[in-house]
Amino acid sequence: MSKTELWTDIVTDQLAIVLFVPSKRQIKEFALKEDNLIGRTSSGGDPDIPIDSPVVSRKHGHIYLHDDYYFYEDLSSTNGTYINGTLYGRESETGKYTNLLKIGDVLRIDHRDLVNPHPDAAILVAVHAIGNELVNKYVALEKCRSLMIGRNVGDIKLDNSAISEQHAVFTKDEDDQWSINDCDSTNGVFINNTRINSPTLLKPLDVIRIADYVFIYTADKLYYFCSEKSGRQLVIRIEERSVRKLLKKQILLQDINLSISEGEMVMILGGSGAGKTTFVNAVLGYEKAKGSIEHDNIDIYKEYSKVQSNMGFVPQQDLLRLEDTVYATLSNAAEMKMDSGTTKQEREQRIDHVLNSLGLFRERDSIVKKLSGGQRKRLSIAVELVSDPGLFFLDEPDSGLDGIMAKSLMEQLRVIANEGKIVMVITHAPDRVSHLFDKVIVLAKGEKDNIGHLAFFGSVSEAFNFFGTTSLEGVIKKINRVDEGGDGLSDYYIDKYAAFEKGNI
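Residues numbered from 1 in each chain as written. Predicted model: local features only at pLDDT ≥ 70, side-chain atom pairs only at ≥ 80, totals over all residues. Heavy atoms only, no water.

Summarise helix α8 (residues 460-467); cite the residues concerned and give the values.
Helical geometry note: an α-helix holds 3.6 residues per turn, so side chains three or four residues apart project in the same direction. Those residues of α8 not exposed but buried are Val-460, Glu-462, Ala-463, Phe-466 and Phe-467. Buried residues along α8 cover an arc of 155° about the axis, so they all sit on one side. Positive phi appears at Gly-468, one or two residues downstream of α8, with a value of about 65°. (Buried < 20%, exposed > 50% of the residue type's maximum accessible area, 1.4 Å probe, protein only. Helix = DSSP H or I, 4+ residues; strand = E, 2+ residues; numbered from the N terminus. Arc of directions from axis to C-beta.)

Take a look at the structure:
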């Protein structure tokens, strides 16, 4: 598995294509349909993604949806299509015409000499669908010697919590050649969708991706635009979480760095004693760790009072008053959790919305103790959801439910995430609902140090590739200790993922 496969998302219906033609100095986004023809505008045809360029064939290629995934196929074009630097088409040495598209993939239509690009070459970048008109921004490079990119600091200031304070620096050498270096950032720097781990010389029309921003280098200018799926992100930087036992320091978690976008549903998976609950408590601010937790550019540890009402947590055990009705339970929760300025009518509307969303409206007047196990769990979720939090955490919400009820509950959580919330779930039955999750966090307890570490963060399919297994239960078996029925490989995968983070694999 390559670094590109590890560090990019396979996407389905949220893919869009951003087109940039250097001679036109214009960036344009195209939302994708099931089938999308890419072709030259002057040919008299009607391509879905028209490109005014002589290097583009009349019917150059198409992007099509197949089994919920987008693929690109070169249609035997004259010049072929470079995807992340590899040529596809009839002139390619590999003989490949088709490629699965992932977020960040770079399609380039050019003549064969990429060092000296054609002035009408076309760059197409696969991004999350933005839905807004793109603002064409650029920095002229003639009079610059260096450019720092950072979160609200530097020459290019980006107000995004996925950007590190000092993220990357562009530098021009004595021969007027530009290179870029990653300043040990959390989320990395990618050139043509491959993560770099050292200063890297730039070539004309290289595409640089930093978090959700895309930069296109044209020798004299640096164009950039934001391709972010969501403006709000949860950025987790935990140096360590420790406790004192008998005056001795015991480290429970160490070196966990990741970011999650609004609208994503994330599974928290871990071996026995790996620190899943400790991790959730640290992120929620219940038990502070050394480090920082930021949501929408607000540090949860430093400004807890500002974000407390924006976080919901559903514990494994239901904490409900059995003699109350469903409506009374939600009404009390709404009065306590919703803003004091909320009117009674607004609270009623919110309660009705939550009841409908979680399939509880028919049980509005039912007594809690008469509800089924699945209905009680949905009511526990409703109690936290009534205040409309942006961050939603659940500890084994499917515990004690049969397969059908558990699957239905998780599908409702998927709907909640689709409303623009971050939903994070601890579950011990991951495979029956794995298709509903955007990402999976895998925590493992080190054999050498007895500390919980991040052993993987990425999509479910990437996790299968990373651990060499076909199931999430198989992932757990890999990292559990031998005396717990596992393979005892936690240290191996902790070290392997650390090497990926540093770009050393």
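Next comes the rest of the account.
An account of the packing of helix α4 (residues 326-337) against helix α6 (residues 373-385) is requested, with residue identities and associated values reported.
Contact geometry of α4 with α6 gives a least axis separation of 8 Å together with a crossing angle of 25°. The orientation of α4 with respect to α6, classified from their angle, is roughly parallel. In the crossing of α4 with α6, the sense of the turn from one axis to the other is right-handed. On α6, the residues that touch Val-326, Thr-329, Leu-330, Ala-333 and Lys-337 of α4 are Leu-379, Ala-382, Val-383 and Glu-384. Per-class residue counts for the contact of α4 with α6 are six nonpolar, one polar and two charged. (Axes fitted to C-alpha atoms, helices over the stretch in contact; angles between N-to-C directions. Parallel < 35°, antiparallel > 145°, perpendicular 65-115°, else oblique. Left-handed = near helix turned anticlockwise from the far one by under 90°. Contact = heavy atoms within 4.5 Å. Nonpolar A, V, L, I, M, F, W, Y, C, P; charged D, E, K, R; others polar.)

Give me the state of the cysteines: which residues, what numbers.
With the rule as written, the count across this model stands at zero disulfides. Cys-183 supplies the cysteine sulfur nearest to Cys-144, a cysteine that is in no disulfide, at a spacing of 16 Å. (Disulfide = S-S within 2.5 Å.)

Any chance you could break down the pairing of strand β24 (residues 248-261) for me, citing the residues and the numbers?
Direction of pairing for strand β23 (residues 233-245) relative to β24: antiparallel, over a ladder of 12 bridges. Paired with Arg-244 across the two strands is Lys-249, which belongs to β24. As consecutive antiparallel partners, β23 and β24 are separated by two residues, and within that stretch Leu-246 has a phi angle of approximately 55°, a positive value. (Pairing = 2+ DSSP bridges.)

Explain the environment of Val-326 residue by residue, including any values.
Along the chain, Val-326 falls in helix α4. Through-space distance from the C-alpha of Val-326 to that of Val-139 is 58 Å; in sequence the pair is 187 residues apart. Those residues in contact with Val-326 that lie beyond four places of it in its chain are Leu-355, Glu-363, Arg-364, Ser-366, Val-368, Leu-371 and Leu-379.

Can you break down helix α7 (residues 403-418) residue by residue, with the values?
End to end, α7 covers 23 Å across 16 residues, agreeing with the expected 22 Å (1.5 Å per residue, within 8%). Among all positions of α7, only Ala-406, Leu-409, Met-410, Gln-412, Leu-413, Arg-414, Ile-416 and Ala-417 are buried. Buried residues along α7 sit against β25 (265-270), α5 (344-357), α6, β29 (391-395) and β30 (422-426). Note on α7: the residue one or two positions beyond its end, Gly-420, has a positive phi of about 105°. (Expected span 1.5 Å × (residues − 1).)

Nothing here speaks to function; it is geometry throughout.
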